[in-house]
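Structure at a glance
Below are the chains, spelled out letter by letter.
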Protein chains: 2
Amino acid sequence: MNTDFIYLDHAAATPLDGRVLVAMQPYFSDQFYNPSSPYAPAVLVRRAYDEAKHQLAQNIGAKPDELVMTAGATESINLAFGGIAGHVIVSNIEHHAVLAAAASHSYTIVEADERGFVSSDSIKLAITPQTELISIAIANNELGTVQPIRDIARVIKQERDARLERGDRTPIYLHSDASQGVGQLDINVARLGVDLLTLNAGKIYGPKQVGLLWAHSGVRLTPQIVGGGQERGLRSGTENVAGTVGFAKALTLATDHRKFETSRLVILRDRLQAQLIDAFPVAIISGHSKHRLAGHLHISFPHLDAERIVFALESRSVLVATGSACAANKGTRSHVLTAIGLAPEIADGSLRLTLGHLSTDENIAQAGAIIIEEIAREYARTAR
Amino acid sequence: MNTDFIYLDHAAATPLDGRVLVAMQPYFSDQFYNPSSPYAPAVLVRRAYDEAKHQLAQNIGAKPDELVMTAGATESINLAFGGIAGHVIVSNIEHHAVLAAAASHSYTIVEADERGFVSSDSIKLAITPQTELISIAIANNELGTVQPIRDIARVIKQERDARLERGDRTPIYLHSDASQGVGQLDINVARLGVDLLTLNAGKIYGPKQVGLLWAHSGVRLTPQIVGGGQERGLRSGTENVAGTVGFAKALTLATDHRKFETSRLVILRDRLQAQLIDAFPVAIISGHSKHRLAGHLHISFPHLDAERIVFALESRSVLVATGSACAANKGTRSHVLTAIGLAPEIADGSLRLTLGHLSTDENIAQAGAIIIEEIAREYARTAR
């Protein structure tokens, strides 16, 4: 792994775990066979693929044949929305992929509060008799706010039960993109109460361009990519064996180390937060104070220019984000920060610091000191 | 590489070339950054990605910003068809992905001849004023027959010119899936005269789950996967940097060694063909005698059961296919063999032998001898 930098952008991308690469390696050049071929070495490849799906399913408490392997969270989200004819509900802080997928439907956007929290009450109010899908990420990728998915699921179950009672067969599903929550939150689909779940290997030290959509067997999906009929006809194309095996390994590692890693990151994050707030009492922490991802720290330095800070920190070998990486290089203000009502002079001075495997006691303390120096320098410069 | 087997199924899957893996490796754990992140190490990753696309484009004589990176040929084909509102034309021996994509349009299926050859005249006859897309693979994946893409392109140009002349602005495009032709055929888009081209890294010793769609800048595509707006909004999702770098390396190697490798494979294939026909004059070679991929040998042993032969050969460590891998494990007769009019008792005894990097003088000679023994044994058994 690269140790030239202190990496504080784990929410944007994660390095491939060495153990994941080891798991994938046999399927590159040795067991490279097409899993649809009939001879025994290919059947072994098929078995490894099925076993990886089994492992993935087990990690989320699902059945393997309820998984559709995809090329990542964005494709999974598009697949989740693809089969929906009716009304959909999303929040105003959802990822661009969810907002874009919703836009081709009749939709309602519910507002998150100033902490980026989407209440189950707001969802309840937005449900119409035509509502077929609600899509809320398990945790916001910019703020780290963890959503009350279980409560939202209960609201949806009530609506489903009410429809059943009155003989209305319009389905209503809850989809959650859990890409940012894996390794820090419980993502058991039964306990969450969701009907569809998106996961992304690239966010959990697994291979990039690998994701999945889990859909409860009762959910009818519409294939977005048609052809050879792989993935039970829901997503055609030769199966990504190495990627799926790597994903399974990454998810298993994330699940196995979840409790340990979460406690470790909370301590590091809280220490960093205290250090920065101590130095700059004017700084503003966004996101939910209680329901927040362990590794997430969203902090705004009013009247400063976050882009300048990113580059100043980069010159000191500390890598941080100004906002969601997807929108980061487009020079536009984050829709999430606007949605939670951050004033422009606060939003524009926002850093997203996300900790993860590459974070250690030492490098977080060091990063804190460097960030303080550079922020102080910026405040001194702009005060002149 | 696995040398336990003699692999004669290069059309179904290819092992990752060691040089390709070396090219990809830096982007797994070291330069793992999100190419959309703003700091310098991520900008270097973005540059590597752009450079890989540049290299891919150069190999087909196109511009980098005309490429859309995808998760493989199937997705590329779906994207090519996605933006088409009018009538489409495909042949009856196209890949399932093309047939399935065509099925959601008004379409005409033209018939290939008994060699699997799709004449430009048959395309000409099928064009209506509403025709917007013609999709013909550069080479058939089962028979290896190479299609007269240049002639078909000329027919389409004539139609386009005629429409322009009468002020009809209905577009007409030629799409070709060149997945099976790379490394053996000239795939320069200008020389081919196509408007859209699909390529697949997994068929040319590159990474699986990586493909591209090239579209001439005049072609209007409709995104199938929406979200963060990557690939000029045509295919959202975090870019697959390692995969694209590997694809570029694989395509460059394929292009650089095309002439050498093609001559080498033709000699091996022709020798194997002669050896088998010599032993079994009753055997039938399908595909075009002249316009055929160098590594392809489609041979039918009348009245034998190809599936039995596949397993018999597998027990002798020779891996061959009965037909297209996509359909292979579904127990149905190949639609291609039906399309070219092979009688059931001939079609059902068909093997597809495809040579490639793993083929050597020695192992092809050895495979020939083993196939002859096993076919002889089967004929002896069934004659009893």
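Parameters and conventions
- Residues numbered from 1 in each chain as written.
- Chains lettered and ligands numbered in written order.
- Predicted model: local features only at pLDDT ≥ 70, side-chain atom pairs only at ≥ 80, totals over all residues.
- Helix = DSSP H or I, 4+ residues; strand = E, 2+ residues; numbered from the N terminus.
- Rg over C-alpha atoms; globule rule 2.2 N^0.38 Å.
- Buried ≥ 20, exposed ≤ 12 C-beta atoms within 10 Å, placed from the backbone.
- Contact = placed C-beta atoms within 7 Å.
- Pairing = 2+ DSSP bridges.
- Axes fitted to C-alpha atoms, helices over the stretch in contact; angles between N-to-C directions.
- Least-squares fit on C-alpha atoms with pLDDT ≥ 70 in both.
- Core = buried A, V, L, I, M, F, W, Y, C linked by C-beta atoms within 7 Å.
- Nonpolar A, V, L, I, M, F, W, Y, C, P; charged D, E, K, R; others polar.
- Right-handed = clockwise from strand over helix to strand, strands pointing away.
- Domains from an automatic or database assignment.
- Parallel < 35°, antiparallel > 145°, perpendicular 65-115°, else oblique.
- Left-handed = near helix turned anticlockwise from the far one by under 90°.
- Expected span 1.5 Å × (residues − 1).
- Arc of directions from axis to C-beta.
- pLDDT = per-residue confidence, 0-100.

Each helix and strand counted, chain A has 15 helices and 12 strands in total. Computed over its C-alpha atoms, the radius of gyration of chain A comes to 22 Å, within 12% of the 21 Å expected for a compact globule of 384 residues. Structurally, chain A occupies a C-alpha span of about 70 × 55 × 35 Å along its principal axes. Residues counted as buried form 58% of the 384 residues belonging to chain A. In chain A, the proportion of contacts linking residues at least 24 apart, taken out of those at least 6 apart, comes to 69%.

This part takes up the sheet that holds strand 12 (residues 350–354) of chain A. All names here are of chain A. Taken in spatial order, the 3 strands line up as 9-10-12 in an open sheet, and their pairing is antiparallel. One side of each edge strand has no neighbouring strand; the edge strands of this open sheet are strand 9 (284–286) and strand 12. The average angle at which neighbouring strand axes cross in this sheet is 30 degrees, direction not considered. Alignment of strand 10 (residues 296–300) against strand 12, held across 5 bridges, turns out to be antiparallel. Bridge pairing links Ile 299 to Leu 351 in strand 12. Lying on the sheet, helix 10 (residues 258–279) is in contact with strand 9, strand 10 and strand 12; it crosses strand 10 at an angle near 10 degrees.

Turning our eyes to something else, we now look at the relation of the copies chain A and chain B. Superposing chain A onto chain B takes a rotation of 180 degrees combined with a translation of 0.0 Å along the rotation axis, leaving an RMSD of 0.0 Å. One copy is carried onto the other by what is essentially a two-fold rotation axis. When C-alpha positions in chain A are compared against the rotation axis, the closest is assigned to Ala 71 of chain A, at 3.2 Å. The fraction of interface residues of chain A whose copies in chain B are also interface residues reaches 100%, indicating that both copies meet through the same surface.

Our focus in this paragraph is the sheet that holds strand 12 (residues 350–354) of chain B. Residue and element names in this part refer to chain B. Read across the sheet, 3 strands follow the order 9-10-12 without closing on themselves; strand pairing throughout is antiparallel. One side of each edge strand has no neighbouring strand; the edge strands of this open sheet are strand 9 (284–286) and strand 12. Across the sheet, the mean angle separating the axes of adjacent strands is 30 degrees when strand polarity is ignored. The strands touched by helix 10 (residues 258–279) within the sheet are strand 9, strand 10 (296–300) and strand 12, with strand 10 carrying the most contacts at an inclination of about 10 degrees.

Counting 260 residues, the largest nonpolar core has Trp 214 of chain A together with Trp 214 of chain B as its most contacted members. Ignoring sequence-local partners within four residues, the contact set of Trp 214 of chain A consists of Ile 60, Ala 62, Glu 66, Leu 67, Val 189, Leu 196 and Leu 197 of chain A.

Counting residues at the interface gives 58 residues for chain A and 58 residues for chain B. Elements represented by at least two residues in the side of chain A that touches chain B include exactly helix 1 (18–24), helix 2 (26–29), helix 3 (40–59), helix 4 (73–82), helix 5 (96–102), helix 9 (241–256), helix 11 (306–315) and helix 12 (325–328) of chain A. Classifying every residue of the side of chain A that touches chain B by side-chain character gives 29 nonpolar, 23 polar and 6 charged.

Turning our eyes to something else, we now look at the pairing of strand 5 (residues 131–135) of chain B. Residue and element names in this part refer to chain B. Counting buried positions along strand 5 yields 4 of 5 residues, so the element is predominantly enclosed. Sheet topology note: the strand 3 (residues 87–91)/strand 5 ladder contains 4 bridges and is parallel. Its bridge partner lying in strand 5, Val 88 is registered against Leu 133. The pairing of strand 5 with strand 6 (residues 173–177) spans 3 bridges and is classified as parallel.

Two faces make up the sheet, and in a regular strand the side chains alternate between them. Residues and elements named next belong to chain B. Of the pairings in the sheet, the one linking strand 3 to strand 4 (residues 107–110) comprises 4 bridges and is parallel in character. Residue pairing in the sheet places Ile 89 in a bridge with Thr 108 of strand 4. For the segment spanning strand 3, helix 5 (residues 96–102) and strand 4, crossover handedness is right-handed.

All names here are of chain A. In terms of domain boundaries, chain A breaks down into domain 1 (6–15 + 258–383) and domain 2 (18–256). Spacing between the C-alpha centres of domain 1 and domain 2 amounts to 28 Å. The partner domain 2 presents 27 residues to the 28 residues of domain 1 that form the contact. Among the elements of the structure, helix 10, strand 10, helix 12 and helix 13 (335–339) are those that each provide at least two residues to the side of domain 1 that touches domain 2. The greatest single-element share of the side of domain 1 that touches domain 2, amounting to 3 residues, is contributed by helix 10.

Attention now goes to the packing of helix 11 of chain A against helix 15 (residues 361–383) of chain A. All names here are of chain A. Contact pair helix 11 / helix 15: the axes reach a minimum separation of 10 Å and the direction vectors enclose 130 degrees. Here helix 11 lies oblique to helix 15, going by the angle between them. For the crossing formed where helix 11 meets helix 15, the hand is right-handed. Here Arg 308, Ile 309, Ala 312 and Leu 313 of helix 11 come into contact with helix 15, specifically with Ile 370, Ile 371, Glu 374, Ile 375 and Glu 378.

Residues and elements named next belong to chain B. With 22 residues, helix 10 extends 31 Å between its outermost C-alpha atoms, agreeing within 8% with the 32 Å of an ideal straight helix rising 1.5 Å per residue. Every buried residue of helix 10 is accounted for by Glu 261, Leu 265, Leu 268, Arg 269, Leu 272 and Leu 276. Angular distribution of buried residues about the axis of helix 10 spans 100 degrees; they occupy a single face of the element. Every exposed residue of helix 10 that faces more than 90 degrees away from the buried side is listed here: Lys 259, Phe 260, Ser 263, Asp 270, Ala 274 and Asp 278. Next to the buried residues of helix 10 lie strand 10, strand 12 and helix 15 (361–383).

Right, let's get into the environment of Phe 117 of chain A. Residues and elements named next belong to chain A. Turning to its location among the elements, Phe 117 is positioned in the loop between strand 4 (107–110) and helix 6 (120–126). Taking C-alpha positions, Phe 117 is 9.7 Å from Leu 143, a pair spaced 26 residues apart along the chain. With residues up to four places along the chain from it excluded, the contact list for Phe 117 reads Ala 112, Thr 145, His 288 and His 291.

Further remarks concern the environment of Ser 91 of chain A. All names here are of chain A. Positionally, Ser 91 belongs in strand 3 (residues 87–91). Between the C-alpha atoms of Ser 91 and Val 226, which are 135 residues apart in sequence, the distance is 30 Å. Not counting chain neighbours up to four residues away, the residues in contact with Ser 91 comprise Ile 109, Val 110, Ala 112, Val 118 and Ile 136.

This part is about the packing of helix 3 (residues 40–59) of chain B against helix 9 (residues 241–256) of chain B. Residue and element names in this part refer to chain B. Orientation of helix 3 relative to helix 9, taken along the N-to-C sense of each, is 30 degrees, at an axis distance of 9 Å. With respect to their mutual orientation, helix 3 and helix 9 come out roughly parallel. The handedness of the crossing between helix 3 and helix 9 comes out as left-handed. The segment helix 3 lies against helix 9, with Val 45, Ala 48, Tyr 49, Ala 52, Lys 53, Gln 55, Leu 56 and Asn 59 engaging Val 241, Thr 244, Val 245, Phe 247, Ala 248, Leu 251, Thr 252 and Thr 255. Residues belonging to the contact of helix 3 with helix 9 are distributed by class as follows: 10 nonpolar, 5 polar and 1 charged.

Before going further, it helps to spend a moment on the confidence of the model for chain A. Taken as a whole, chain A shows an average pLDDT of 95; of its residues, 97% reach a score of 70 or greater. Taken together, the chains of this predicted complex give a pTM of 0.95 and an interface ipTM of 0.94.

Residues and elements named next belong to chain B. Buried within helix 11 (residues 306–315) we find Ala 306, Ile 309, Val 310 and Leu 313. Burial along helix 11 is one-sided: seen end-on, the buried residues are contained in an arc of 105 degrees. Where the residues of helix 11 are buried, they touch strand 11 (318–319), strand 12 and helix 15. Looking one or two places after helix 11, you find Ser 317, whose phi comes out positive at around 70 degrees.

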